[in-house]
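# Understanding the architecture of this molecule
Take a look at the letters that make up each chain.
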Amino acid sequence: MASAMVKGGGSRLIKSVSAALGTRFYAKVATGTDIVSAAPNVSLQKARTWDEGIASKFSTTPLKDIFKDKKVVIFGLPGAYTGVCSNKHVPPYKENIDKFKAKGIDSVICVAVNDPYTMNAWAEKLQAKEAIDFYGDFDGSFHKSLDLVTDLSGALLGTRSERYIIYPP
Amino acid sequence: MVVNMAATIAVGDVIPDGTLAYLDDDSKPQSVSIHSLAAANKVIIFGVPGAFTPTCSLKHVPGFIERAEELKGKGVDEIICISVNDPFVMNSWAKTFPENKHVKFLADGAAKYTHALGLELDLTEKGLGVRSKRFALLVEDLKVKVANVEKVGEFTVSSAEEIIKAL
């Protein structure tokens, strides 16, 4: 079962990461929520090259495969290649990955409403692919299921995800 | 997914106006209208399904970059690449072509302009959503002189080489 807590309190590690980010978090996905139940039939697309896509027949990864029997931290951000996301949000996660692992977290996942090829190119540019698993929610279905969407049409981005973190109890 | 298609753009049509986006030198999003770039000019507009995908990056765009001087020499005022991507992604993708001097990379993030041209392509199965077909248009004084729309998965008529033949 994959329980989720959206940052409100939390461990010192999460606090130091969030202090580095200087961001607030929302509690739309309430503490104690089972993510897989909240978003049934939702899949994400692992960041990959087009060739890898062809080889895998453009397969998607259901949420239960990401969460099953694992302690996973997922953080979401509005957009690949945008300023805060690239310069401030991803780097602290990459730099602190060992601390997450030491606390028993199996994987740290970054998700955005982008296609998986753009996510892949961005992850390579940030040299973060070894530390973090990047996934694309290209049609927003994951974020819509969890009510974590926001309209960034003003910034010419369209419907994107909020900036958030979800972590196990 | 059901999409109401506009009629596909064809030779003899007046190119529709529309707003596309890009990042300026300060990385701020800006908008530009197609008519402001195309009115009283000879322009090439070529469309690609997606930034950071292979045919687009390795063949379609480089062809226009390599032949840009030649196209300019034949009176082409603007060479515009459009894709259904946001301007941050287009800007970053454009930077992967440091040798580029003339091709403008413009973002049609919500696919509105692609829709106005009747050139949408549903690539949801590939994880891309609704994108643009691969195409190349030659437009003079807002009138479409050449409309080369590629069959899905191919790369022949929409190349720089093909459009040079029309100049």
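Here, the structure is the one placed above.
The notes below deal with the structure included here. The structure presented is a predicted model; accordingly, all values stated were derived computationally and were not measured.

## A closer look at the nonpolar core
Nonpolar side chains in soluble globular proteins tend to be buried together. Ranked by size, the top nonpolar core spans 58 residues in total, and within it Val90, Trp122, Ile132 and Phe134 of chain A together with Phe64 and Trp93 of chain B carry the most contacts. Looking at this core element by element, the count peaks at 5 residues for helix H4 (residues 87-94) of chain B. Those residues in contact with Trp93 of chain B, other than ones at most four positions away along the chain, are Val48, Gly50, Ala51, Phe52, Cys56, Ser57, Val61, Cys81 and Phe105 of chain B. Ile34, Ile82, Tyr113 and Leu117 of chain B belong to the second-largest nonpolar core, a separate cluster that totals 20 residues.

## Brief notes about the interface of chain B and chain A
Contacts between the two partners involve 21 residues from chain B, matched on the other side by 17 residues from chain A. With both chains or domains summed, chain B and chain A bury close to 1500 Å², and 69% of this area falls on carbon and sulfur atoms. Three residues, Phe52, Phe88 and Lys126 of chain B, lead the burial of chain B against chain A; their summed loss comes to 34% of the area buried on that side. Remark: the boundary between chain B and chain A carries 2 salt bridges. Asp115 of chain A serves as the salt-bridge partner of Arg131 of chain B, at 2.7 Å between the closest nitrogen and oxygen. The interface formed by chain B and chain A includes 3 residue pairs in polar contact (both at pLDDT 80 or more). Listing elements by their share of the side of chain B that touches chain A, those giving two or more residues are strand S2 (29-33), H4 and strand S7 (129-132) of chain B. No other element matches the 4 residues that H4 of chain B contributes to the side of chain B that touches chain A.

## Observations regarding the layout of surface pockets
Estimated volume of the largest pocket: approximately 1000 Å³. Every residue lining the largest pocket is counted, 39 residues in all, and those nearest its centre are Leu157 of chain A together with Val84, Gly109, Ala110 and Ala111 of chain B. Mapped by element, the contributors of at least two residues to the lining of the largest pocket are strand S9 (159-161) of chain A together with strand S1 (19-23), H4, helix H5 (112-116) and S7 of chain B. Split into classes, the residues belonging to the lining of the largest pocket amount to 17 nonpolar, 13 polar and 9 charged. Considering only enclosed or pocket space, the second largest pocket measures out at about 590 Å³ in volume. Along the wall of the second largest pocket there are 30 residues; nearest its centre are Tyr81 and Ala121 of chain A together with Phe52, Ser92 and Thr96 of chain B. Every element with two or more residues in the lining of the second largest pocket is listed here: helix H3 (50-55), helix H5 (83-95) and helix H7 (116-125) of chain A together with helix H2 (54-66) and H4 of chain B.

## Looking at H2 of chain B
An α-helix turns once per 3.6 residues; consequently, residues spaced three or four apart project the same way. Helix length check: H2 of chain B (13 residues) gives 17 Å between terminal C-alpha atoms against 18 Å at 1.5 Å per residue, within 8%. For H2 of chain B, the complete set of buried residues consists of Cys56, Ser57, His60, Val61, Pro62, Gly63, Phe64 and Ile65 of chain B.

## Regarding the environment of Arg163 of chain A
Residue and element names in this part refer to chain A. Counting through the fold element by element, Arg163 comes out in the loop between S9 and strand S10 (164-167). In this structure the C-alpha to C-alpha distance between Arg163 and His89, which are 74 residues apart in sequence, comes to 9.1 Å. For Arg163, the side chain forms a polar contact with the side chain of His89, separated by 2.8 Å.

## Observations concerning the packing of aromatic side chains
Overall, the coordinates contain 10 aromatic pairs over all chains when judged by the stated rule. Taking the centre distance of 5.0 Å and the plane angle of 50° together, the rings of Trp50 of chain A and Tyr117 of chain A count as tilted. Here Trp50 of chain A, found in helix H3, pairs with Tyr117 of chain A, found in helix H7; they are 67 residues apart in sequence, far enough to count as distant. Considered together, Trp50 of chain A and Tyr117 of chain A belong to a single accessibility category, that of buried residues. Pairing Trp93 of chain B with Phe97 of chain B gives two aromatic rings, centres 5.6 Å apart and planes at 75°, and the pair type is edge-to-face. The same class applies to Trp93 of chain B as to Phe97 of chain B, namely buried.

## A few points about the side chain of Asp115 of chain A
Turning to its location among the elements, Asp115 of chain A is positioned in the loop between strand S6 (107-112) and H7. Here Asp115 of chain A falls in the buried class, since its relative accessible area comes to 4%. Ignoring sequence-local partners within four residues, the contact set of Asp115 of chain A consists of Phe138 of chain A together with Asn85, Gly127, Leu128 and Arg131 of chain B.

## Section: unusual backbone geometry
At Asn41 of chain A, a residue that is not glycine, the phi angle is positive and equals roughly 60°. Along the chain, the position of Asn41 of chain A falls in the loop between helix H2 (35-38) and strand S3 (43-46). The backbone of Ala40 of chain B sits at a positive phi, close to 60°, despite the residue not being glycine.

## Some remarks on the pattern of salt bridges
Enumeration according to the criterion identifies 8 salt bridges over all chains in this entry. Between Lys46 of chain A and Asp133 of chain A there is a salt bridge, and its shortest N-O distance comes to 3.8 Å. One end of the pair, Lys46 of chain A, is in strand S3; the other, Asp133 of chain A, is in strand S7 (residues 133-136), and 87 residues separate them in sequence. Under the relative-accessibility criterion, Lys46 of chain A is labelled partly exposed at 35%. For Asp133 of chain A, a relative accessible area of 26% puts it in the partly exposed group. One network of salt bridges, in which partners are shared, links Arg67, Glu70 and Glu161 of chain B.

## Focus: the environment of Ser37 of chain A
Residues and elements named next belong to chain A. Relative to the helices and strands, Ser37 is located in helix H2. Look at Ser37 and you get exposed, because its relative accessible area is 53%. A C-alpha to C-alpha distance of 9.1 Å links Ser37 and Lys64, two positions 27 residues apart in sequence.

Calculation notes
- Residues numbered from 1 in each chain as written.
- Chains lettered and ligands numbered in written order.
- Predicted model: local features only at pLDDT ≥ 70, side-chain atom pairs only at ≥ 80, totals over all residues.
- Heavy atoms only, no water.
- Core = buried A, V, L, I, M, F, W, Y, C linked by side-chain atoms within 4.5 Å.
- Buried < 20%, exposed > 50% of the residue type's maximum accessible area, 1.4 Å probe, protein only.
- Helix = DSSP H or I, 4+ residues; strand = E, 2+ residues; numbered from the N terminus.
- Contact = heavy atoms within 4.5 Å.
- Buried area = accessible area lost by both parts, 1.4 Å probe.
- Salt bridge = Lys/Arg side-chain N within 4 Å of Asp/Glu carboxyl O.
- Polar contact = N/O pair within 3.5 Å; in protein donor to acceptor, adjacent residues only side chain to side chain.
- 1 Å grid on protein atoms, 1.4 Å probe; cavity = no way out; pocket = protein on both sides within 12 Å on 5 of 7 lines; lining within 4 Å.
- Points joined across faces, edges and corners; volume = space filled by probe spheres on them.
- Nonpolar A, V, L, I, M, F, W, Y, C, P; charged D, E, K, R; others polar.
- Expected span 1.5 Å × (residues − 1).
- Phe/Tyr/Trp six-rings, centres within 6.5 Å; stacked < 30°, edge-to-face > 60°.

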